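Descriptive structure summary
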Amino acid sequence: MSKVTITIDGLQISADQGMTVLEAAQANGLYIPNLCNHPDLKPAGLCRVCVVKMDDWKIAISCKQPVKDGMVISTEDPEVQQIRKNTVELIVADHPMTCLTCEADGKCELQRVAHYVGITPEGLNRYRRKVRAIPIDRSNPFFDVDHSKCILCGICVRTCDELQNINAIDYAQRGVASFISTLGAKPIADSRCESCGECVVRCPVAALAPKGAQEPMREVKSICAYCGVGCGVMLGVRGQKVVSVQGDRDNPVNKGSLCVKGRFGYKFINHPERLKTPLIKKNGKLEEATWDEALELVADKFSKSKGDKFAALASARITNEDNYLIQKFTRAVMGTNNIDHCARL
Amino acid sequence: MQKVNSPADVAKMRDYCQAAFARRKLRFLVCAGTGCIAGGSLEVYEEFKRVISERGIDINVDLLFEGQESEAGTVTSGCHGFCQMGPLVRVEPMGTFYTKVKAKDVEEIVTATMDENTVVERLLYEKDDGSHATTELDVPFYNRQQRIVLGGCGTIDAEDIREYFAVDGFKALATILQDLSPEQVIEIVKDSGLRGRGGGGFPAGRKWEAGRNAKATPKYVVCNGDEGDPGAFMDRSVLEANPQSVIEGMTIAAYAIGAEFGVVYVRAEYPLAVVRLLKAIEQAKEYGVLGDNIMGTGFNFDIEVFQGAGAFVCGESTALTLSIEGKRGMPRVAPRPRTTEVGLYDKPTLLNNVKSFAYVPDIIREGAEWFKGIGTESSSGTAVFALTGNIVNAGLIEVPMGIKLREIIYDIGGGIPKGGTFKAVQTGGPSGGCLPESLLDTPIDYDSLDEAGSIMGSGGMVVMDERTCMVDVARYFLNFTEEESCGQCVPCRLGTKQLLEILNDICAGKGKKQDIDLLIELSHSIHGGSVCGLGQTAANPVLTTLRYFKDEYEAHINDKCCPARVCKDLISFRINEDKCKGCTLCARACPVSAISGEKKEVHVIDQGLCIQCGVCMEKCPNKFSAVDCVSPKIPVPAKEKTEVPA
Ligand SMILES: Cc1cc2nc3c(=O)[nH]c(=O)nc-3n(C[C@H](O)[C@H](O)[C@H](O)COP(=O)(O)O)c2cc1C
Ligand code: SF4
Ligand code: SF4
Ligand code: SF4
């Protein structure tokens, strides 16, 4: 890929042809404040926080502006600073001030940006503050939708469209009345949303926030046990308990994505009723057994059940290879074609 | 003659139609523009039909084409522009021009014209000197105008394409199909200096050239008839009165850029425009001047009408094409390819305003030099305005570019009614600005208006007198933009909201000292930070009123005083003890019974109850004029506490 050289605030940096100014800055470790940009998504250029001065005259939106050799960018030009500051002040003036009890506290992009541009109480007090009072949508079992915190960056909409191809949500209404909505403004649980949570993890604030999530004390790399895809996960652990799951962005299988089960279905791990050993029914009662005992019992019963009285139903929770083995076993060892798979039901 | 089979046939068609219409001795032309219809012009038209038919005359136009002579006929036309004086009727060929015609006047007009060879004087327009104008040419409202794009408005029946043929309709299309290459057509449009009439003023010829040069196919021609500015009805009038000129202009454009398909985007609130357009398209196809194999030349071009749901922002070119595609109408964010490269369905698209297209047939027929000769060096041709507000002659006008605001307001508009004084004029709709008396000599052209802080826009012109509060005006426009913003970008969505709330506070007497600075600061950031023209210009009404009427803002904020006595929270009504005669009219009219006083005794308004509706002031007889409106407010005395016994 051909390289170009651009200057940002006096620093010469090298960038790939086709990158945007923001990408080039980020690739070189430079921070340009932004809210509606996400590396996984096409740039939208809506929040207007990433404004820069280009070649000393033009106001450009760095997340949309492609780099050009010799381009000179200023992020600290007074006009640009003023636009950025007013823009962030406007968002903050429209935002609830409940940071300390907010789900996103500490990882909130709005906090980061507000801090960077330097929001002061005096500056903010000049504004008329009116936070939109829209009831929180708690219909989804895994996450809540709090429109009063939403900054309308559209990251969720683009995630659901570009990454998930589900299009469960979009902008509704217009102007200050606009909000992120399901079709017909139904509760999100009654929409076509599949609760994958991809939007939730990308929401820069806590307008989309997982229910009852806890910050982990450490993270453990693992593989999701739900299906044959084998997505990489980072299990967040506190003490001996799994308190959160994140997609492993380094895993080549899922590159950070997860489905509803992998992301939110982790409570079974520490559930008191979780099965940890095989159970064998003795005298009408299930009793704990060792794996050797259990396998022996199964093998014994199988060998008495060869032929068409036997049938096998394979599970989607195991890999393709294991599924292949089951059908091979059923046909070659048990001598029957009575084999099916749960994914076909 | 039923069809135009070759470009040369157009002239024959014209002669054929002219000959047919010449068989009718008299024509009573009733204006059926929106204003006149509201005034009852359709009843007038029905009455003409009845009265003429009663004389045994068949008004069916088709008979003329069958060779029959006729004594008289009646048709409806599009807007004549002089809405203030409607319903309007013109008698042709004499051109007698009647104003404020009611159905009951029709019999008299017909008798005077057909039997007595006289005019009905009382229905003629009365000039300032008391004399009467018999024709439009004599009416000051018209004689300073130069009507090109409105030329067909008020002269032809929009629903009969033969009337358009009779006035050289489709001659321009025939000329280019026969004699000119697409490049030559573009050269003419470029030479004419035509600039887009949708607000931006982009040179049309250059846009057409870009459309021609675009490589991808198919290409589209889109006509922007969204017209969302409050108070504007220029495009509507053209579409209702002369849809054929738009169709011809679009077809010429299609030939120039190499397109076979076009769309007219009309807001759904314009049902009559939609009906007339559809009819005109159907007739044009029937006559072989639209559709497949136009005029037998092998050139194909078809037009569809798309009804927009009425969002102002959908008038922006990229939002408009998305809207046609069925998507949410949100302007595309820059940097983005030009619409001439990536437009409708991501294909090269030539998008122009209704009027821009409607000028084209005239330009081709009369030549680029002719058009360039009208107006100014940088803005050629005419400008169309919907003149409204505190003005004697409200209506639709077309004037050569370069004319001064003063000439429009005083010579054409007839000045401010009822002895009021001029305060400001607002051009350019919600994106424009308010200009004061001192700038009335500003010439009307794109650049001069821009310099003065306003814009040409698509043609709204609101005149305001001294009873207008400029803070309130800014608030009115901000209310509009705040609601119409698509909401995607932060400075526009939240910035307009913030401006509006600050203005609301100032009007309510809750303005703070630093508000003026904040208004200016935010206005600049909204301008610099917004994606599309809506946001970029949203603060213009605030900035221009601050620039020219800052003292009014200061009076509101510092003295809690509304100098124009408009802002309800800052005014009080008071009865002058020396003037009140105790007639009780005000007390009886007050909706909240805030006025007390015995008959023949001085009345008093309870300021605690008064809701500032102003009815008392209206009701007080002029000879007393005992009610004053004052600002700042008269303090409401604190209610005396009644001691509650323990
Ligand atoms: C918010 C907004 C609203 C607009 N509304 C209209 C409109 O109603 N009609 C129109 O012709 N142009 C409108 N425009 C301008 C169009 O984007 C476009 O420039 C124009 O239609 C091009 O035609 P022209 O070159 O013939 O002027 C609007 C622009 C903006 C930003
Ligand atoms: S959870 Fe998944 S499916 Fe539901 S809205 Fe978010 S991205 Fe779309
Ligand atoms: S919910 Fe979150 S991601 Fe979606 S628009 Fe609002 S702030 Fe952005
Ligand atoms: S400036 Fe306003 S109307 Fe235009 S794109 Fe931005 S939010 Fe939408």
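Bear in mind that the values here come from a model prediction, so they are computed numbers and not experimental data.

1. Observations regarding the overall build of chain B
- A tally of regular secondary structure across chain B gives 26 helices and 20 strands.
- A compact globule built from 646 residues should have a C-alpha radius of gyration of about 26 Å, and chain B, at 28 Å, falls within 12% of that.
- Taken across its 646 residues, chain B has 59% of its residues classed as buried.
- Taking the intrachain contacts of chain B between residues at least 6 apart in sequence as the baseline, contacts between residues at least 24 apart amount to 71%.
- Within chain B, one finds 69 positive and 88 negative side-chain charges whose respective centroids are separated by 4 Å.

2. Side note on the nonpolar core
- B:Leu519, B:Val542 and B:Tyr553 are the most contacted members of the largest nonpolar core, which has 94 residues in total.
- Core analysis: the second largest hydrophobic core is formed by 82 residues, B:Cys153, B:Ile188, B:Ala241 and B:Phe357 among them.

3. Some details on the pairing of strand β10 (residues 299-308) of chain B
Residue and element names in this part refer to chain B.
- Pairing geometry for strand β8 (residues 261-267) and β10, over seven bridges, is parallel. Residue pairing for β10: Val264 is matched across the bridge by Val305.
- Where strand β9 (residues 291-294) lies against β10, two bridges are found, and the strand directions are antiparallel. Opposite Ile294, over in β10, you have Phe299 as the bridge partner.
- The antiparallel hairpin formed by β9 and β10 contains four residues in its connecting segment, where Met295 sits at a positive phi of about 50°.

4. Considerations on the domain arrangement of chain A
- Per the domain assignment, the segments of chain A are domain 1 (1-126), domain 2 (132-213), domain 3 (218-270) and domain 4 (279-344).
- The straight-line distance from the C-alpha centre of domain 1 of chain A to that of domain 3 of chain A is 32 Å.

5. Concerning the interface of chain B and chain A
- Contacts between chain B and chain A engage 36 residues on the former and 32 residues on the latter.
- Overall, the association of chain B and chain A removes approximately 2,900 Å² of surface from exposure, summing both partners, and the carbon and sulfur fraction of that is 55%.
- For the interface between chain B and chain A, the tally reads 20 residue pairs in polar contact (both at pLDDT 80 or more).
- At the level of secondary structure, the elements contributing two or more residues to the side of chain B that touches chain A comprise α19 (470-484), α20 (490-507) and α21 (515-529) of chain B.
- At ten residues, the largest contribution of residues to the side of chain B that touches chain A is made by α20(B).
- A class-by-class count of the residues in the side of chain B that touches chain A yields 14 nonpolar, ten polar and twelve charged.

6. Notes on the sheet that holds strand β3 (residues 89-92) of chain B
Residue and element names in this part refer to chain B.
- Taking strand neighbours across the sheet as the criterion, the four strands line up as β2-β1-β3-β4 in an open arrangement whose pairing is mixed. Two strands bound the open sheet, and with one partner strand each, they are β2 (70-77) and β4 (96-98). Going across the sheet, the axis of each strand differs from the next one's by a mean of 15°, ignoring polarity.
- Pairing analysis gives three bridges linking β3 to β4, with the strands arranged antiparallel. Pairing of Arg90 across the sheet is with Phe97, part of β4.
- Along the sheet face, helix α5 (residues 106-116) touches β1 (24-31), β2, β3 and β4 and points at about 155° away from the line of β1.

7. Considerations on the site of ligand 4
- Ligand 4 sits among 13 residues. The nearest are B:Cys486, B:Gln488, B:Cys489, B:Cys492 and B:Cys532.
- Among the residues making up the shell around ligand 4, the classes are represented as eight nonpolar, five polar and no charged.

8. A closer look at the environment of B:Pro93
All names here are of chain B.
- Relative to the assigned elements, Pro93 resides in the loop between β3 and β4.
- Considered as a pair, Pro93 and Ala22 are 71 residues apart in the sequence and their alpha carbons are 9.8 Å apart.
- With near-sequence residues (within four places) excluded, Pro93 lies in contact with Lys25 and Leu26.

9. Quick notes on the side chain of A:Asp94
- Residue placement: A:Asp94 occurs in the loop between α2 (78-93) and α3 (109-117).
- Apart from residues lying up to four places away in sequence, A:Asp94 is in contact with A:Arg129, A:Lys130, A:Val131, A:Arg132, A:Ser148, B:Leu494 and B:Lys497.

10. A closer look at α19(B)
- An ideal rise of 1.5 Å per residue puts 21 Å on 15 residues; α19(B) measures up with 21 Å between its terminal C-alpha atoms.
- Of the residues making up α19(B), those classed as buried are B:Met470, B:Val471, B:Val473, B:Ala474, B:Phe477, B:Leu478, B:Phe480, B:Thr481, B:Glu482 and B:Glu484.

11. Considering the site of ligand 1
All names here are of chain B.
- Close to ligand 1 lie 18 residues; Gly198, Glu227, Asn352, Asn353 and Ser356 are nearest.
- The contact in question runs from an oxygen atom of ligand 1 to an N or O atom on the side chain of Asn352, over 2.8 Å.
- Out of a free accessible area of 610 Å², ligand 1 has 87% covered by protein chains.
- Secondary structure elements with two or more residues in the shell around ligand 1: β11 (349-353) and α22 (533-537).
- For the shell around ligand 1, the leading source of residues is β11, giving three residues.
- Taken together, the residues of the shell around ligand 1 sort by class into three nonpolar, ten polar and five charged.

Procedures and definitions
- Residues numbered from 1 in each chain as written.
- Chains lettered and ligands numbered in written order.
- Predicted model: local features only at pLDDT ≥ 70, side-chain atom pairs only at ≥ 80, totals over all residues.
- Heavy atoms only, no water.
- Helix = DSSP H or I, 4+ residues; strand = E, 2+ residues; numbered from the N terminus.
- Rg over C-alpha atoms; globule rule 2.2 N^0.38 Å.
- Buried < 20%, exposed > 50% of the residue type's maximum accessible area, 1.4 Å probe, protein only.
- Contact = heavy atoms within 4.5 Å.
- Lys, Arg positive; Asp, Glu negative; His and termini not counted.
- Charge placed at Lys NZ, Arg CZ, Asp CG, Glu CD.
- Core = buried A, V, L, I, M, F, W, Y, C linked by side-chain atoms within 4.5 Å.
- Pairing = 2+ DSSP bridges.
- Domains from an automatic or database assignment.
- Buried area = accessible area lost by both parts, 1.4 Å probe.
- Polar contact = N/O pair within 3.5 Å; in protein donor to acceptor, adjacent residues only side chain to side chain.
- Nonpolar A, V, L, I, M, F, W, Y, C, P; charged D, E, K, R; others polar.
- Axes fitted to C-alpha atoms, helices over the stretch in contact; angles between N-to-C directions.
- Near = heavy atom within 4 Å.
- Expected span 1.5 Å × (residues − 1).
- Areas by Shrake-Rupley, 256 points an atom, 1.4 Å probe, with all protein chains shown as cover.

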